[in-house]
Amino acid sequence: MSQVGVSDPAEPVLVLENIQHAYRRTIAVRGVSLTVQPGEILAVTGPSGCGKSTVLHVAAGLIRPQSGTVRLFGQSLTGAGDDERARLRRGKLSLVLQFGQLVPELTGVDNVALPLLLDGHGPTQARRLALGWLERCGAQELADVEPAEMSGGQAQRVAVARSLITSPQLMLADEPTGSLDSIGGRELLDLMIGEARRSGAALIVVTHDNSVAARADREIRLFDGEIASEAVLV
Amino acid sequence: MIMAIGDALLALLLPGPRHGYDLKRTHDEWFAGLRPLAFGQVYSTLARLQRDDLIEIAQTEIGDGPERTVYELTEPGRARARDWLAEPIDPGVTGGVPADELIRKTLAAYRLHADPGGLMSRQRATHLRAMRALEPAPGETDHSAAALGRTGVRDLQRLHLDADLRWLDLTGERIRRLPAPEVGMLPGAVLEYPTTDEPDEPDEPDEGEDPEYTDPNQPAEGARS
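Residues numbered from 1 in each chain as written. Chains lettered and ligands numbered in written order. Predicted model: local features only at pLDDT ≥ 70, side-chain atom pairs only at ≥ 80, totals over all residues. Heavy atoms only, no water.

As recorded by an unreviewed UniProt entry, chain B carries the name PadR family transcriptional regulator and is attributed to Kineosporia mesophila.

Naming follows an unreviewed UniProt entry, where chain A appears as ABC transporter ATP-binding protein of Kineosporia mesophila.

Below, the structure is given as structure tokens:
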């Protein structure tokens, strides 16, 4: 497994300052600032269209905001080129999006192994570790299954296994569990929170589900692209 | 339940002195989906609030109709009303959150310009903490029949809290779409909460639904015969 650089423990893993971003003429995020500490579990909530997914994509470096600054693991993403941003993210940051986002041509185990393969690990070792993570995520039976044959919940399990395999310092998840009223969804969230607690990683989860928000240490609620309220839950 | 009505009546007295019938009428208008207050309930609650030094008699009106007592808040009563409007309900109470109380408090905060958004945010945080407390401890994932009694009860409590949270979201959205209410609906607005840019104008005198009673601020001869 790749050895990730260990940041100063006192340093926030993520700092967003006064982020503003618009899609065409629609302002999605206006003046959002937030800081995430190592080991913190943060829920970002709000109604549809409130800008919560945009905030997550900015944090992940997938969207370059029109104004404001992003500091990831103590380094500024502002002005960094694509290669530099990719280097900052690799191995330290994982992302689980709403629909799994698996590579359709690869089986479950190869999808999970992919981050290690990209990081230069040998295929045998990468697949062995990937099988271990699939098992921890209760998805070992999906090792040889291609994404097209998986249900939405199964694809999410594989995506979570893939997100955990690099032992990231910051885990980002956008509606990762579907409905937490299902036992499967609850188990998946338990797994992500458990891994964050065990490894000291921070977890930012975007959700509309109050049951998910209630599991976080802190909730930031967005309305109309702005932070409407913030609550410490622990 | 009786205390909840007492708190609601104290809040209704915040804008100024009122008599019992006026309080009942305003309560039934603001919270029209709830059971209307019975007169006996109003007067017994007012008597108790007076006994506890939360309200006092401002004046006694003697007109053509029956004698009417006009009440006003004492300082402790005013403080209690403001606290009630600001403090979220503790969902830890046995039997969950009383729905009537949640509705009265939230809608009264809106009607009285008492920062309903702030109240709803605090209520949300309180509810989320209560939901969190109902989560099983890490590693406590017992799916056995023996554990069902405990998990089933917790699930039900948690989902009730979730329903309250959804109601708060929906009500917050409804409130955002409404113009700010006119505190002037009640005579003599005295709240110090920030209001809209325009000063409140007193409402037109109500066309009393009941000829027995008139607006206390109007001369008695204004009553319809």
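Continuing now.
Chemist: I'd like to hear about the overall build of chain A, residue by residue, with values.
Modeler: Check the secondary structure of chain A and you find seven helices and 10 strands. The C-alpha radius of gyration of chain A comes to 17 Å, within 12% of the 17 Å expected for a compact globule of 234 residues. Taking the principal axes of its C-alpha atoms as reference, chain A extends roughly 45 × 40 × 35 Å. Of all 234 residues assigned to chain A, the portion counted as buried reaches 53%. Considering only contacts in chain A between residues 6 or more positions apart, those separated by 24 or more positions represent 68%. Element-wise, carbon and sulfur atoms account for 50% of the exposed surface of chain A, whose accessible area totals about 10,200 Å². With 22 positive and 27 negative side-chain charges, chain A shows a spacing of 4 Å between the two charge centroids. (Helix = DSSP H or I, 4+ residues; strand = E, 2+ residues; numbered from the N terminus. Rg over C-alpha atoms; globule rule 2.2 N^0.38 Å. Buried < 20%, exposed > 50% of the residue type's maximum accessible area, 1.4 Å probe, protein only. Contact = heavy atoms within 4.5 Å. Areas by Shrake-Rupley, 256 points an atom, 1.4 Å probe, with all protein chains shown as cover. Lys, Arg positive; Asp, Glu negative; His and termini not counted. Charge placed at Lys NZ, Arg CZ, Asp CG, Glu CD.)

Chemist: Tell me about the overall build of chain B, residues and numbers included.
Modeler: Of the regular secondary structure elements, chain B holds seven helices and three strands. N-terminal to C-terminal, the α/β element order of chain B is α-β-α-α-β-β-α-α-α-α. Put simply, chain B has 225 residues, and 42% of those count as buried. Contacts in chain B between residues at least 24 apart in sequence constitute 63% of all its contacts with a sequence separation of at least 6.

Chemist: Mind laying out the packing of aromatic side chains, listing which residues take part and the relevant values?
Modeler: Residues and elements named next belong to chain B. Across all of its chains, the model carries three aromatic pairs over all chains by this definition. Aromatic pair Y21 and F39: ring centres 6.0 Å apart, planes at 20°, arrangement stacked. Taken together, the residues Y21 in helix α2 (residues 20–30) and F39 in helix α3 (residues 39–51) connect sequence positions 18 residues apart. Judged by relative accessible area, Y21 falls into the buried class, the value being 10%. (Phe/Tyr/Trp six-rings, centres within 6.5 Å; stacked < 30°, edge-to-face > 60°.)

Chemist: Describe the nonpolar core, listing the residues and the values that go with them.
Modeler: Note on soluble globular proteins: their nonpolar side chains tend to be buried together. Residue and element names in this part refer to chain A. Core analysis: the biggest nonpolar cluster contains 56 residues, and V112, L134 and V160 have the highest contact counts within it. Every residue in contact with V112, bar those within four places of it in the chain, is listed here: A130, W133, L134, V158, A161, R162 and I165. By size, the runner-up hydrophobic cluster in this structure holds 31 residues, among which are L34, L56, I63 and L222. (Core = buried A, V, L, I, M, F, W, Y, C linked by side-chain atoms within 4.5 Å.)

Chemist: Run through the confidence of the model for chain A, naming residues and quoting values.
Modeler: Residues and elements named next belong to chain A. Mean pLDDT over chain A: 88, with 94% of residues reaching 70 or higher. Per-element averaging of pLDDT across chain A places helix α2 (residues 82–89) at the bottom with 79 and strand β3 (residues 41–45) at the top with 97. Scored below 50 in pLDDT, residues 1–5 shows 14 contacts in the model against residues more than four places distant or in partner chains. (pLDDT = per-residue confidence, 0-100.)

Chemist: Hey, could you go over the pattern of salt bridges for me, with residue numbers and the actual values?
Modeler: Any two side chains of opposite charge can pair, given that their charged atoms come close. Tallying each qualifying case throughout the model produces 24 salt bridges over all chains. Residue B:R132 is joined to A:D217 by a salt bridge in which the shortest nitrogen-to-oxygen separation is 3.6 Å. In this pair, B:R132 sits in helix α6 (residues 116–133) while A:D217 sits in the loop between α7 (210–213) and β9 (218–223), so the two residues belong to two different chains. Owing to a relative accessible area of 22%, B:R132 belongs among the partly exposed residues under this scheme. Here A:R218 makes a salt bridge to A:E230, at a shortest N to O gap of 2.6 Å. (Salt bridge = Lys/Arg side-chain N within 4 Å of Asp/Glu carboxyl O.)

Chemist: Explain the UniProt feature "domain: Transcription regulator PadR N-terminal" (unreviewed entry) in chain B residue by residue, including any values.
Modeler: According to UniProt, the positions carrying the feature "domain: Transcription regulator PadR N-terminal" (unreviewed entry) are residues 9–81 of chain B. Helix and strand shares over residues 9–81 of chain B are 48% and 21% respectively, and the end C-alpha atoms of the span are 9 Å apart. (UniProt positions renumbered as here; feature names shortened; annotations may be inferred.)

Chemist: Can you lay out the sheet that holds strand β4 (residues 67–72) of chain A for me, pointing to particular residues and giving the numbers?
Modeler: Residues and elements named next belong to chain A. With antiparallel pairing, four strands are arranged side by side in an open sheet as β2-β1-β4-β5. Lying at the two open borders of the sheet, with one neighbouring strand each, are β2 (26–36) and β5 (75–76). Across five bridges, strand β1 (residues 14–23) lies against β4 in antiparallel orientation. Paired with L16 across the bridge in β4 is V70. (Pairing = 2+ DSSP bridges.)

Chemist: I'd like a description of the interface of chain A and chain B, backed by residues and values.
Modeler: Counting residues at the interface gives 22 residues for chain A, matched by 18 residues for chain B. Taking both sides of the interface into account, the surface hidden between chain A and chain B amounts to around 1,600 Å²; carbon and sulfur atoms contribute 45%. Three residues stand out in chain A for area buried against chain B, namely A:N210, A:A214 and A:L233, and they jointly supply 33% of the buried area on that side. For the interface between chain A and chain B, the tally reads four salt bridges. Across the pair A:R215 and B:E135 runs a salt bridge, and its minimum N-O distance is 3.8 Å. At the boundary of chain A with chain B, the tally comes to nine residue pairs in polar contact (both at pLDDT 80 or more). For the side of chain A that touches chain B, the elements supplying multiple residues, two or more each, are α6 (183–199), α7, β9 and β10 (226–232) of chain A. For the side of chain A that touches chain B, the element with the highest residue contribution is α6(A), accounting for five residues. (Buried area = accessible area lost by both parts, 1.4 Å probe. Polar contact = N/O pair within 3.5 Å; in protein donor to acceptor, adjacent residues only side chain to side chain.)

Chemist: Now, about the environment of A:L14: what can you tell me, with residues and values included?
Modeler: Note on placement: A:L14 falls in strand β1. Counting along the chain gives 113 residues from A:L14 to A:R127, while the straight-line C-alpha distance between them is 31 Å.

Chemist: Can you tell me about the environment of B:Q59, naming the residues and giving the values?
Modeler: All names here are of chain B. Among the secondary structure elements, Q59 is positioned in strand β2 (residues 55–61). In this structure, the C-alpha to C-alpha distance between Q59 and A109, residues 50 residues apart in sequence, is 27 Å. If near-sequence neighbours (up to four positions away) are discounted, Q59 is found in contact with R68, T69 and V70.

Chemist: Tell me about helix α5 (residues 152–164) of chain A, residues and numbers included.
Modeler: Residue and element names in this part refer to chain A. In this model, α5 (13 residues) spans 19 Å end to end at C-alpha, consistent with the 18 Å of a helix rising 1.5 Å per residue. Counting buried residues along α5, 10 of its 13 residues qualify, which places the element largely inside the surrounding structure. Every buried residue of α5 is accounted for by A155, Q156, R157, V158, A159, V160, A161, R162, S163 and L164. Contact partners of the buried residues in α5: β6 (93–96), α3 (108–118), α4 (123–136), β7 (170–174) and α6. (Expected span 1.5 Å × (residues − 1).)

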